[in-house]
Amino acid sequence: MNLKLCLLILSVGVTSCAAKQPKADEVIGIINKVNKYWQETHPQHGRSFWDNAVYHTGNMEVFFLTGNSDDYAYSEAWAEHNE
């Protein structure tokens, strides 16, 4: 395959991928929706083992991204529950 054809295929692929990229507010909306669902369906705070700790590490990153105080409070309550 010649170089010009390869570049054309690459540019079409990159352009089509870029056109399908969601906007930042759409991504944040999805993050909030999923995280809210998790917190509402898991009101009891679990143990402080790695699986729960991984969620709360991610939850704190969501808090830093969105500033949603409910996310912070959820992880803070888990930390207090586990001393």
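One can find the structure itself at the top, above this paragraph.
Residues numbered from 1 in each chain as written. Predicted model: local features only at pLDDT ≥ 70, side-chain atom pairs only at ≥ 80, totals over all residues. Heavy atoms only, no water.

A. Local environment of the pattern of salt bridges. With the rule as written, the count across this model stands at 2 salt bridges. In this structure, the salt-bridge partner of Glu40 is Lys36, at a minimum N-O distance of 3.9 Å. Highlighted residues: Glu40 and Lys36, both in helix α2 (residues 24–41), separated by 4 residues, approximately one helical turn. Comparing Glu40 with Lys36, the two get one shared label, exposed. Asp51 is the salt-bridge partner of Arg47, the closest N and O atoms lying 3.6 Å from each other. A residue is classified by how much of its surface remains accessible, and Asp51, at 34% relative accessible area, is partly exposed. (Salt bridge = Lys/Arg side-chain N within 4 Å of Asp/Glu carboxyl O. Helix = DSSP H or I, 4+ residues; strand = E, 2+ residues; numbered from the N terminus. Buried < 20%, exposed > 50% of the residue type's maximum accessible area, 1.4 Å probe, protein only.)

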